[in-house]
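Commentary on secondary and tertiary structure
One letter stands for each residue in the lines below.
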Amino acid sequence: MKALLLTTYKNLELADLPAPAPGPDEVLIRVAACGICGSDVHGYDGSSGRRIPPIVMGHEAAGIISVVGPSIKNFAPGDRVTFDSTVYCGACPNCIRGDINLCDNRQVLGVSCGDYRRAGAFAEFVAVPARILHRLPDNLPFAEAAMLEAVAVAIHAVNLAHLKPTGTALVVGAGTIGILTLQALRAAGCKKVFVTDVDQDRLTLAKQLGATETFLSNENLQSKILHLTNNQGVDLALECVGRTETIAAAIDATRKGGTVVLVGNVTPNVNLPLQKVVSRQIRLQGSCASSGEYPGAIELMASGAIQVKPLITAIAPLEEGASWFARLHNREPNLLKVVLTPGSFT
């Protein structure tokens, strides 16, 4: 099969590799579309430490089942499917509690981190356990279905917040996850959602997709939020970047007793304004991947309540993957989601 192989950091090659053989409880999927995640870009240059070469990356994907293992009863060749990026064991204490995203034996497709190496979906075929599969409705194109992993991440973050529909929310960061989080908040009934970012074009898109107000990050965010919330601050801030300054901005904009959900993790360590958090009794909630949100994500996308098409900058063949990675790594303006297509399907 053809696969986009990270041979060394910052070097991707279209390679001929053996197609994986599915195990008894696995299926072999012919990949129709696979999105480039920001974590893949950080893996591409080695900054994350979680894409140690050689590795086939890619975990945001959809396609058609080609082969099913002998233990599989609920899926068949020809089924249109997507799959969770997390391969969970289903048997550890966290899985039994329902926290499959916190599985003690968790692996992620397209990740090589020293503890394990699991080939991903920037390839014509990928093998995955049937327990992480989800059927796709016929009206959901594969390129859009490849966004389901990101949509599920956004919904999970919103679910963790337990926000009342009458509440107010701020999304810090209008990248792919931030704009999907905005839409997940609106789908959950939140009436006022503010969005801040450093990029005006992204804020314009956020406004088109339901933001109540948008602010450039250098526009004295705290005073503007206080003005719009009766001098209280928002009930909830969802931080979708993961840097010291953006986490501080989220905390400053949140009311006493409010919640800050930490979604972004671009940097491993940040400085925390501890006294503000403690004295104002702000709840900090981490959010990791997703845990059972795929069916809801599929329903919201199929109904149009969450729109991903406006976020897709380009749909390109796998052969062009190396150039698109380079463009994303160089932070070319006006790039959000790039979806690669190893196969040609409808």
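Our subject is the structure listed above.
Just so it is clear, the model here is predicted, and its values are computed rather than measured. (Residues numbered from 1 in each chain as written. Predicted model: local features only at pLDDT ≥ 70, side-chain atom pairs only at ≥ 80, totals over all residues. Heavy atoms only, no water.)

One open sheet holds the 6 strands; their spatial order is β15-β14-β13-β16-β17-β18, and the pairing between them is parallel. Sheet topology places β15 (213-216) and β18 (283-286) at the edges, where each strand pairs with a single neighbour. Sheet twist, expressed as the average angle between the axes of neighbouring strands with direction ignored, equals 20°. In the sheet, strand β13 (residues 168-172) pairs with strand β14 (residues 192-197) via 5 bridges, with the strands oriented parallel. Paired with threonine 168 across the bridge in β14 is lysine 192. Its contacts with the sheet put helix α5 (residues 176-187) on β13, β14 and β16 (234-239), and the angle it makes with β13 is roughly 165°. Those strands touched by helix α6 (residues 200-208) are β14 and β15, and its axis lies near 175° from that of β15. (Pairing = 2+ DSSP bridges. Helix = DSSP H or I, 4+ residues; strand = E, 2+ residues; numbered from the N terminus. Axes fitted to C-alpha atoms, helices over the stretch in contact; angles between N-to-C directions. Contact = heavy atoms within 4.5 Å.)

Among the secondary structure elements, glutamate 293 is positioned in the loop between β18 and α10 (294-303). Of the buried charged residues, glutamate 293 lacks a salt bridge, with arginine 106 as the closest side chain of opposite charge at 11 Å. Here the side chain of glutamate 293 touches histidine 156 through a polar contact of 2.8 Å, side chain to side chain. In this view, glutamate 293 contacts Ala152, Ile155, His156 and Asn159; residues no more than four positions away in its chain are not counted. (Buried < 20%, exposed > 50% of the residue type's maximum accessible area, 1.4 Å probe, protein only. Lys, Arg positive; Asp, Glu negative; His and termini not counted. Salt bridge = Lys/Arg side-chain N within 4 Å of Asp/Glu carboxyl O. Polar contact = N/O pair within 3.5 Å; in protein donor to acceptor, adjacent residues only side chain to side chain.)

Here the focus is empty space enclosed by the protein. Tallied over the entire structure, the rule returns 1 cavity of 30 Å³ or more. Of the volumes computed, that of the largest cavity is approximately 40 Å³. Around the largest cavity, the lining residues are Val158, Leu163, Lys164, Pro165, Leu185, Ala188, Gly189 and Cys190. Class assignment for the residues of the lining of the largest cavity results in 6 nonpolar, 1 polar and 1 charged. (1 Å grid on protein atoms, 1.4 Å probe; cavity = no way out; pocket = protein on both sides within 12 Å on 5 of 7 lines; lining within 4 Å. Points joined across faces, edges and corners; volume = space filled by probe spheres on them. Nonpolar A, V, L, I, M, F, W, Y, C, P; charged D, E, K, R; others polar.)

On to the pairing of β16. Burial within β16 is extensive, with 5 of its 6 residues counted as buried. Two strands pair when backbone bridges link them, and β13 and β16 are joined in this way by 4 bridges, in the parallel orientation. Looking at β16, one finds that leucine 170 is bridged to alanine 237. Here 5 bridges tie β16 to strand β17 (residues 254-262), and the two strands are oriented parallel to one another. Residue leucine 236 lies in a different strand from β17, and its bridge partner there is threonine 259. At this point the chain moves from β16, through helix α8 (residues 244-253), to the parallel β17, and the crossover so formed is right-handed. (Right-handed = clockwise from strand over helix to strand, strands pointing away.)

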